[in-house]
Every structure is written in C-alpha cells, then in structure tokens.
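# Analysis of the macromolecular model
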Amino acid sequence: MLFDIRTYTCAPGTIAKHMALYREKGLAPQTRHLGQPLLYGLCETGDPNQYVHIWVYENAGDREAKRAAMWADPDWQDYVAASAEAGWLVRQENKLMVNAPFFESTVKPK
C-alpha cells in the first residue's frame, strides 16, 4: 500500500476561496480518477492556511496510472488552470509513505 500525503499552504485569507474553487472544479475530476481520499482535511491547530489530503494506492504503478489519467482529463486541466490563475496556493509538500513492517492497514485503495 502506498499513501500519498499532500500538504498545501494557501496565501493568508484565501483558503476558503480555494476550497470553493476545488469543490466547484477539482473535486469531481480528481475523485473520478483517484477514488475518494482517505482524508481531505483543514488544519484545526497549527497553520490555518494549510490543508492536507491523503490518497491510497496499491503501489507506485497504480499511483502513476491513476494520476496520468487524471492529468489527461480536460476537466482536471481546467481546474489546475483556474487555480494557477487565482494564485492562492503558495506551497506544496508531498510525501509517499508505506506501512511500517508491523502495521497492517485496514484501508484499501479504490
């Protein structure tokens, strides 16, 4: 199992607008290709301008195939263009993680 943990930071005061744009234009094409995320969360403590989403894949090949299909989708490209034009995202951090040897996750990729 491969967990893709993505942390995004928005410019101060823009996270609500960014979330609205994602809901309107990005949510449908992203979940169409990747399935539902394990988590799509806003910070309750810490940096109020950050949000995190976690996607679950079978392995690196599964991730690569699903993300390639997503990036080929014109609806996803429209969202990315709208997000870039808005300019609200200022930082992105991605981590790919696997289960520790002693941990068996009950989460399964979709």
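For the structure given in this document, a descriptive report is provided here. Computed from a predicted structure; not experimentally measured.

## Digging into the environment of Leu21
Locating Leu21 in the fold gives a position in helix H1 (residues 15-34). Residues Leu21 and Gly87 lie 66 residues apart in sequence; the distance between their C-alpha atoms is 12 Å. Setting aside anything within four residues of it in sequence, one finds Leu21 in contact with Gly26, Tyr79, Ala82, Ser83 and Trp88.

## Thoughts on the environment of Glu58
By the element assignment, Glu58 lies in the loop between strand S3 (50-57) and helix H2 (60-72). Through-space distance from the C-alpha of Glu58 to that of Lys108 is 7.9 Å; in sequence the pair is 50 residues apart. For Glu58, the contacting residues outside a window of four places in its chain are Met1, Leu2 and Pro109.

## Details of the packing of aromatic side chains
Per the stated rule, a full pass over the model turns up six aromatic pairs. With 6.0 Å between their ring centres and 90° between their planes, Trp71 and Trp76 make a pair best called edge-to-face. According to the relative accessible area criterion, Trp76 is buried, its value standing at 6%. The structure contains a cluster of three or more aromatic residues connected by ring pairs, namely Tyr8, Tyr22, Tyr40, Tyr51, Trp71, Trp76 and Tyr79.

## Quick look at the sheet that holds strand S4 (residues 89-98)
Taken in spatial order, the four strands of this open sheet run S2-S3-S1-S4, and their pairing is antiparallel. The open sheet has two free edges, formed respectively by strand S2 (39-42) and S4, since each of these has just one partner strand. Direction aside, neighbouring strands of the sheet carry axes that sit 15° apart on average. Together, strand S1 (2-10), S2, S3 and S4 form the strand contacts of H1, whose direction differs from that of S3 by roughly 5°.

## With respect to the pattern of salt bridges
Counting across every chain of the model gives seven salt bridges. The closest approach of N and O atoms between Lys95 and Glu93, which form a salt bridge, is 3.8 Å. Take Lys95: its relative accessible area is 43%, and that puts it in the partly exposed class. Judged by its relative accessible area of 31%, Glu93 is partly exposed. Taken together, the shared-partner salt bridges in this structure form one network comprising Asp4, Arg6 and Arg63.

Here is what the cut-offs are and how they apply
- Residues numbered from 1 in each chain as written.
- Predicted model: local features only at pLDDT ≥ 70, side-chain atom pairs only at ≥ 80, totals over all residues.
- Heavy atoms only, no water.
- Helix = DSSP H or I, 4+ residues; strand = E, 2+ residues; numbered from the N terminus.
- Contact = heavy atoms within 4.5 Å.
- Phe/Tyr/Trp six-rings, centres within 6.5 Å; stacked < 30°, edge-to-face > 60°.
- Buried < 20%, exposed > 50% of the residue type's maximum accessible area, 1.4 Å probe, protein only.
- Pairing = 2+ DSSP bridges.
- Axes fitted to C-alpha atoms, helices over the stretch in contact; angles between N-to-C directions.
- Salt bridge = Lys/Arg side-chain N within 4 Å of Asp/Glu carboxyl O.

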